[in-house]
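Results of the structural survey
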Amino acid sequence: MNDDQQLAAFEARIAAGEKIEPGEWMPDEYRRQLIRMISQHAHSEYVGMLPEGGWITRAPSLRRKMVLIAKVQDEAGHGQYLYHAAETLGATREEMMAALLSGRAKYSMVFNYPTRTWADVGMIGWLIDGAAIRNQLMLAHASYGPYSRAMVRICAEETFHHKQGKEMVLRYAQGTPQQQQTVQDALNRWWWPSLMMLGPHDTDSPN
């Protein structure tokens, strides 16, 4: 087949719902965009551990500490799944990490917001992870097999993160006046960042 026929056959496979697997032919731009998306997603999982990881030693109870440790551990695993998926496209772990550390690669900027109180941990789980799930459920249907399969597992674990965040927020909303004030302050600060997690309209995206 010539290039046009090969591209048409490739696009027909995607339109039919087939998964593209490592080693199969794909357009250069498809590969480039996948590496960009998957590595950015992986970076976000790793950087996302930082604001919550700092609260592990300050958790108000052993139960909360165990839940938060499990969540942070999950995020590290998500990054590993995704870095591995990008490696199947020819990217190396070293290249991706160098791009992150040099600022050439992006990650979700929501993780740059400060976590001022323990209530922020609950709000991140409820709002930020909730918004992430909306995006990630779509990615579970991605046309690239390794990315799609990684997202199925990640979405299942993110559901746990969302539930623990919601439980925390509800508990403090029904607590003392000080707890209610603290959780309201966290909601006020995280509401708009959580909406920004959904991204711009496709017509406003350079990709």
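See the structure printed just above.
Okay, so let's go over this structure.

Remarks on the side chain of E157
- Tracing the backbone shows E157 in helix α7 (residues 145-173).
- You can call E157 buried: its relative accessible area is 18%.

As for the packing of α7 against helix α8 (residues 177-196)
- Put simply, α7 and α8 touch, their axes get as near as 7 Å, and they point 135° apart. With respect to each other, α7 and α8 are oriented oblique. Of α8, the residues touching α7 (which contributes V169, Y172 and A173) are Q179, Q180 and V183.
- The residue makeup of the contact of α7 with α8, split by class, is four nonpolar, two polar and no charged.

Observations regarding the packing of helix α6 (residues 118-139) against α7
- For the pair α6 and α7, interaxial distance at closest approach is 7 Å and the crossing angle is 150°. Taken together, α6 and α7 sit at an angle that is classed as roughly antiparallel. Here α6 and α7 pass one another in a crossing that is left-handed.
- Among the residues making up the contact of α6 with α7, the classes are represented as 14 nonpolar, ten polar and three charged.

Rules behind the numbers
Residues numbered from 1 in each chain as written. Predicted model: local features only at pLDDT ≥ 70, side-chain atom pairs only at ≥ 80, totals over all residues. Heavy atoms only, no water. Helix = DSSP H or I, 4+ residues; strand = E, 2+ residues; numbered from the N terminus. Buried < 20%, exposed > 50% of the residue type's maximum accessible area, 1.4 Å probe, protein only. Axes fitted to C-alpha atoms, helices over the stretch in contact; angles between N-to-C directions. Parallel < 35°, antiparallel > 145°, perpendicular 65-115°, else oblique. Contact = heavy atoms within 4.5 Å. Nonpolar A, V, L, I, M, F, W, Y, C, P; charged D, E, K, R; others polar. Left-handed = near helix turned anticlockwise from the far one by under 90°.

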